[in-house]
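# Residue-level structural notes
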Amino acid sequence: MTGFRARPVSRGLASAALVVIALSGMAVVGAVMSNRASAEAEPTPLHRPIPGATPDRPPPAGFTFEPLKAPDVGGVGILDDRHGGLGADLWKGTPRALVTKLLPALPVRSPSPVLHQLMRRLLLTAAIPPADSDGTKEILHRRIERLWALGEVADMLRLIESLPAEAVDASLWRYRLNGLLLQGGETGVCAQLPAARKDDADGYFSELSAFCAALAGRTAEAAGTAAWLRDHGLGDDAFFAGLEAMIGTRAGLTSLAHPRPLHLAMARAAKLPLPADAASGTQPAILQAVATDPSTPLEVRLIAAEKAERMGVLDPAILRHVYSTVTFSEGEAERPVDDAASPSGWRSRALLFRVAETQESAPAQAELISKALRLAQQRGQFGAAARLYAPLIAAMSPTPALSGFAGTAIRALLAAGHKGAIAPWLPLCPPASSQAGINLVWPLLRLMDAHEDDPPPPGQLLAWLSQRAPQEPELARQQAALLFGLLDALGDKVRTEDWLALMDGPMTTATTMPPPALWHAQRIAAEQLRSGETILLALVSLGMGFPNEIDPTVVYRVVASLRLVGFDEEARAIAVEAALAHGV
């Protein structure tokens, strides 16, 4: 079976989609081709006719007719091995029940960019689905729902578009139409609505019909549909308020605490400002839409933009742009860092960035950036601040006058994923053989390149710990437990003498751990080299709290398991992110 249809793929991917499906126990891979003549060529039949057999005459002895099974669309994807996919055999040996049970538990609102990208790749990879049970759509539906929850709307729409038309049921039509509404595609929604497969038990498709009627100026039809919805106890207050605003019988929205895509589309169509509570939710896709709508009131847009960026669904450049539109009084400009540490201090954070951005003195700019990063570390948002300030740091010229800023610059660039930009700053750091060098960035550089053939010099870990312990002994022990375990998971030889230094405190600790079933299942999956299963269990084990809320033992197991199944780069990225979040 060969399908020929080219579509663009985001994040620099080529216009290609690899569709892998299981058909009668056989993997059939359809590669996208652009040659029209090839696309229109006569397909080669999968089975040659059996001589002497007809539908009304049984085949000769030794032959039997077997009906073809329906294709399993659970493995359809838009990422192959060349474009960030995780492998066509991703689910080889994995029970289908485990995949369907754990996909809904993916930590889609984690503030970790590393986990976000790994989840995205897991959900979009074209792979042969588990083949141990019936039901061709369950895994597909859960993948699409998780992409929506992750906020990857454009990728979700591309995945739905890659499906055969008969596979797009009423549930997938909802995701498709909601995605188009968030992207500002109201016209496309109304054009596709008549063809949509509808299950209108909750009135969703009737709401869309009323919206499209109002958008086209058919106010009587829109009002009639709204009356029908009211009579049947369907629709919510925000829907009726938005529709009335579209047809001119209501002034605006007073509250939108739980916005849906249709609510946002109605507000755009009626040119209504969103109320302040529109950014109070936690759905990445909704927050992204609110943050990128230029008509959104500035305060609402800023709150949504900060949240969406932390969730990995908003380009930091958009947050910088929103910050640039904030105006300040002379009094505010004199105290840019006063409220920047508080969750509600978005104005101070915007001002601090603006002052740092326009500062002409490199040492003064470095001082402002250092303050911003320290404040962000206090509120558990170092990574978000690093991504915000990374372009300013990368544009600086490292000179001896900035040697005291070099360690901060390297940490921020690594947290922002700009590994290639740290080289100019390294000569300003003390050598790793010195006491100052050990304490500065040596642990992070070691995590990036630790391997068993080049162990750290004896005593270097203890030297690092001894520098940190006098100030905050308990914090130093916690950081050391994390660092030593990560190095060990990445192949370094951590000596018993090093671990002994961490045994001065209590012999038992209270911590939050995943259920034992997850722990043991992850070990088994990694030992049996089941890559997709290992990645899925690792993501669920780390949870929504990563990288700020972690147990060192859990991160150790995750990093070691990912390396065992061949994902060394991803394992190191998780290790570095965890270390940075905890001040290592």
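Predicted model, so just to flag it, every value in this text is computed and none were measured.

## Observations concerning the packing of aromatic side chains
Using the criterion set out here, one finds seven aromatic pairs in the structure. Look at F239 and F240: their rings are 5.2 Å apart centre to centre, the planes differ by 65 degrees, and that puts the pair in the edge-to-face class. What makes F240 buried here is its relative accessible area of 8%. Put simply, the rings of Y323, F353 and Y389 touch in pairs and so form one group of aromatic residues. The aromatic ring of W519 is capped on one face by R557, whose charged end is 4.2 Å from the ring centroid.

## Some points on the environment of E166
With respect to the element layout, E166 can be found in the loop between α5 (153-161) and α6 (170-182). Remark: the alpha-carbon pair of E166 and R197, spanning 31 residues in sequence, is separated by 9.9 Å. Here E166 is in contact with K137 and R197, once residues within four sequence places are set aside.

## Some words on the packing of helix α10 (residues 237-246) against helix α11 (residues 261-269)
Packing of α10 against α11 brings their axes to within 9 Å, and their N-to-C directions diverge by 20 degrees. By the criterion of interaxial angle, the relationship of α10 to α11 is roughly parallel. Crossing of α10 against α11: the hand is left-handed. In contact with A238, F239, G242, L243 and M246 of α10, α11 contributes L262, H263, M266 and A269.

## Quick look at the side chain of R174
Tracing the backbone through its elements, the reader meets R174 in helix α6. When neighbours within four sequence positions are excluded, R174 is seen to be in contact with D199, D202, Y204 and F205.

## Quick word on the environment of D202
Note on placement: D202 falls in the loop between α7 (186-192) and α8 (204-215). With sequence-adjacent residues up to four places away left out, D202 is seen in contact with R174 and L234. Within the local environment of D202, its side chain forms a polar contact with the side chain of R174, the two groups lying 2.7 Å apart.

How each quantity is defined
Residues numbered from 1 in each chain as written. Predicted model: local features only at pLDDT ≥ 70, side-chain atom pairs only at ≥ 80, totals over all residues. Heavy atoms only, no water. Phe/Tyr/Trp six-rings, centres within 6.5 Å; stacked < 30°, edge-to-face > 60°. Buried < 20%, exposed > 50% of the residue type's maximum accessible area, 1.4 Å probe, protein only. Lys NZ or Arg CZ within 6 Å of the ring centre and 35° of its normal. Helix = DSSP H or I, 4+ residues; strand = E, 2+ residues; numbered from the N terminus. Contact = heavy atoms within 4.5 Å. Axes fitted to C-alpha atoms, helices over the stretch in contact; angles between N-to-C directions. Parallel < 35°, antiparallel > 145°, perpendicular 65-115°, else oblique. Left-handed = near helix turned anticlockwise from the far one by under 90°. Polar contact = N/O pair within 3.5 Å; in protein donor to acceptor, adjacent residues only side chain to side chain.

Everything listed is a geometric property; what it means functionally is a separate question.
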